[in-house]
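Residue-level structure breakdown
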Amino acid sequence: MPLSLSSAALVLEPGSLPYRPDPDCAIFERDLLVRFGIQRDEERLKQGANLGFTELAESVIGALPFRLTSPDLLVFAFGLPDMIALKHVAQRVSYLLGGGSHCFAVSEQGLRAPFTALRVADAFARSGRCRTLALIVCEQNTYAYPDPFIEENKVPNSAALLYFDEAGQYEFHGTRMATRGTPLRTLLGHVTAGLEPDSTLLVAGSWADGGELAVTGLPIHRGAPGPYCTGVWLDLARHHEEWSAAYRSVVLCDTDPRTGQSQAAVLRLRGTAPTPRRVP
C-alpha cells in the first residue's frame, strides 16, 4: 500500500541561539576550508542564528499535533549543508524519538533531495519494510564562510515534517526528474497525464518558471521566495488539509537554480480511482 500523508508541521525562522564555540569543529572547518582558499570567519557565526538541523528538527517535531514515537523510517533531506558538518542528525533525532527507526539522510542533490527521499521511502513501503515515515526537510543559514547564494536570496532557517502512514489522505504516486535541458512544461506534461485538470493543483516552488507553469492550464499555487530545498514542502505541510477538500491530486514541482533541472512528484487522494499511470 502506498505511503499517504497523515500529518505535517513546519517551522520558519523560529528565532536564534547564542553562538557556542566548538574547538574541535573549528579545527575541522579551518582545515577543510583552507583547501579551497577560504578563511574561517568566526564573526559570521557570532552574528548568525545558530540554528542547526538538530534544533530545527526538534522544533518541527514539537510542532506536530501528536507525539511522534519511533516511525518505521526517519529520513532527513537537505540541499544545503548543516551548520556543523560533523553532526549526524538523523541518528540523534531517531534516539530522541525512541531509537526504533531506520534512519538516514539524503543530500548532495540540491532541491531534488526530498523528492529522492520520498522515492526511497516508497520502495521501503512497497517491500513491506515501512508502514510509517517521518520525512524531515531542513535548511539553515549560519556558516563560518560567505555563501552568495544564501545571502543574495535571503534563504531562511526552515524545516518541514511530513508524516506518512497507511491511513492518510494524499498517497505518494511517484516522482520524476527532467533530464538536463528538458523544459519544465515537458516534465509536467508527463506527470499530469491522466489526472483530472479541474481537480489537480500544481504546487510550484519560487524557482520554477511562471511561463512554463502557465502552459499547463492547471490551478497553480506558488511558493514564497527565499526557501531553497524546503519551499514546496513548507507549503504542503501548511495547506495539505485544505487542499484535500478541493483537489484529488497535488503535483509538487520546482526547478533547481543551480543546475536548471526540474523535479516533480504526484500525490493523489487515497481511494480515488482510476489512478493515473504511475510516474517512473
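The structure presented is a predicted model; accordingly, all values stated were derived computationally and were not measured.

Now for the confidence of the model for the protein chain. Taken over all residues, the pLDDT of the protein chain has a mean of 92, while the share at 70 or more is 96%. Confidence drops under a pLDDT of 50 for residues 274–280, and excluding neighbours within four residues, the segment shows 24 contacts in the predicted structure.

With that settled, the discussion passes to the sheet that holds strand β6 (residues 170–177). With mixed pairing, the 10 strands of this open sheet are ordered in space as β3-β2-β4-β5-β1-β6-β10-β9-β7-β8. A single partner strand is all that each edge strand has here, and the edge strands are β3 (102–106) and β8 (220–222). Sheet twist, expressed as the mean angle between neighbouring strand axes with direction ignored, is 25°. In the sheet, strand β1 (residues 4–12) pairs with strand β5 (residues 158–165) via 8 bridges, with the strands oriented antiparallel. Each residue of the ladder has a partner; that of Leu12, found in β5, is Ser158. Strand contacts of helix α7 (residues 184–191): β6, β7 (200–204), β9 (249–255) and β10 (262–269), with the helix running at about 25° to β10, the strand carrying the most contacts. Most of the contacts of helix α9 (residues 231–244) go to β1, to which it runs at about 130°, and overall it touches β1, β4 (133–139), β5, β6, β7, β8, β9 and β10.

A few words on α9. Along its 14 residues, α9 runs 19 Å from first to last C-alpha, staying within 8% of the 20 Å computed at 1.5 Å per residue. Remark: the principal bend of α9, roughly 55°, maps to Arg238. Along α9, 11 of the 14 residues are buried, which leaves the element largely enclosed by surrounding structure. Looking only at α9, the buried set comprises Gly231, Val232, Trp233, Leu234, Asp235, Leu236, Ala237, His239, His240, Trp243 and Ser244.

Where charged atoms of side chains with opposite charge meet at close range, the side chains can pair. For the coordinates displayed, the defined rule picks out 13 salt bridges. With its nearest N and O atoms 3.8 Å apart, the salt bridge here joins Asp41 to Arg44. A salt bridge links Arg126 to Asp122; the nearest nitrogen and oxygen atoms lie 3.2 Å apart. Taken together, the residues span about one helical turn, with Arg126 and Asp122 both in helix α5 (residues 113–126) at a distance of 4 residues. Take Asp122: its relative accessible area is 5%, and that puts it in the buried class. Through salt bridges with shared partners, a single ionic network connects Glu29, Arg40 and Glu42.

Taken across its 7 residues, β4 has 7 buried, putting it largely inside the fold. In β4, alternate side chains face the same way, and those of Leu133, Leu135, Val137 and Glu139 on one face and Ala134, Ile136 and Cys138 on the other are all buried. Sheet topology places strand β2 (residues 73–78) next to β4; 6 bridges connect them, and they run parallel. Counterpart to Val75 in the pairing with β4 is Leu135. Relative to β5, β4 runs antiparallel, the two sharing 7 bridges. Counterpart to Leu133 in the pairing with β5 is Phe164.

What follows concerns the nonpolar core. Formed by 45 residues in total, the largest nonpolar core has its most connected members in Leu133, Leu135, Leu162, Trp233 and Leu252. Here this core takes 7 residues from α5, the largest share from any one element. The residues contacting Leu162, other than those within four sequence positions of it, are Leu5, Ser7, Ala8, Leu133, Ala134, Leu135, Trp233, Leu236 and Ala237.

This part takes up a nonpolar patch on the surface. A contiguous nonpolar surface patch, about 360 Å² in accessible area, is contributed by Phe28, Leu32, Phe36 and Ile38. Its location among the elements puts Phe36 in the loop between α1 (23–34) and α2 (42–47).

A separate point is the environment of Ala77. Turning to its location among the elements, Ala77 is positioned in strand β2. With 103 residues separating them in the primary sequence, Ala77 and Arg180 have C-alpha atoms 22 Å apart. Setting aside anything within four residues of it in sequence, one finds Ala77 in contact with Val106, Ala113, Pro114, Ala117, Leu135, Ile136, Val137 and Cys138.

Definitions and cut-offs
Residues numbered from 1 in each chain as written. Predicted model: local features only at pLDDT ≥ 70, side-chain atom pairs only at ≥ 80, totals over all residues. Heavy atoms only, no water. pLDDT = per-residue confidence, 0-100. Contact = heavy atoms within 4.5 Å. Pairing = 2+ DSSP bridges. Helix = DSSP H or I, 4+ residues; strand = E, 2+ residues; numbered from the N terminus. Axes fitted to C-alpha atoms, helices over the stretch in contact; angles between N-to-C directions. Expected span 1.5 Å × (residues − 1). Bend = angle between axes of the 7 residues up to and from the residue. Buried < 20%, exposed > 50% of the residue type's maximum accessible area, 1.4 Å probe, protein only. Salt bridge = Lys/Arg side-chain N within 4 Å of Asp/Glu carboxyl O. Core = buried A, V, L, I, M, F, W, Y, C linked by side-chain atoms within 4.5 Å. Patch = residues over 30% accessible without salt bridge, like charges linked within 9 Å, V, L, I, M, F, W, Y side chains within 5 Å. Areas by Shrake-Rupley, 256 points an atom, 1.4 Å probe, with all protein chains shown as cover.

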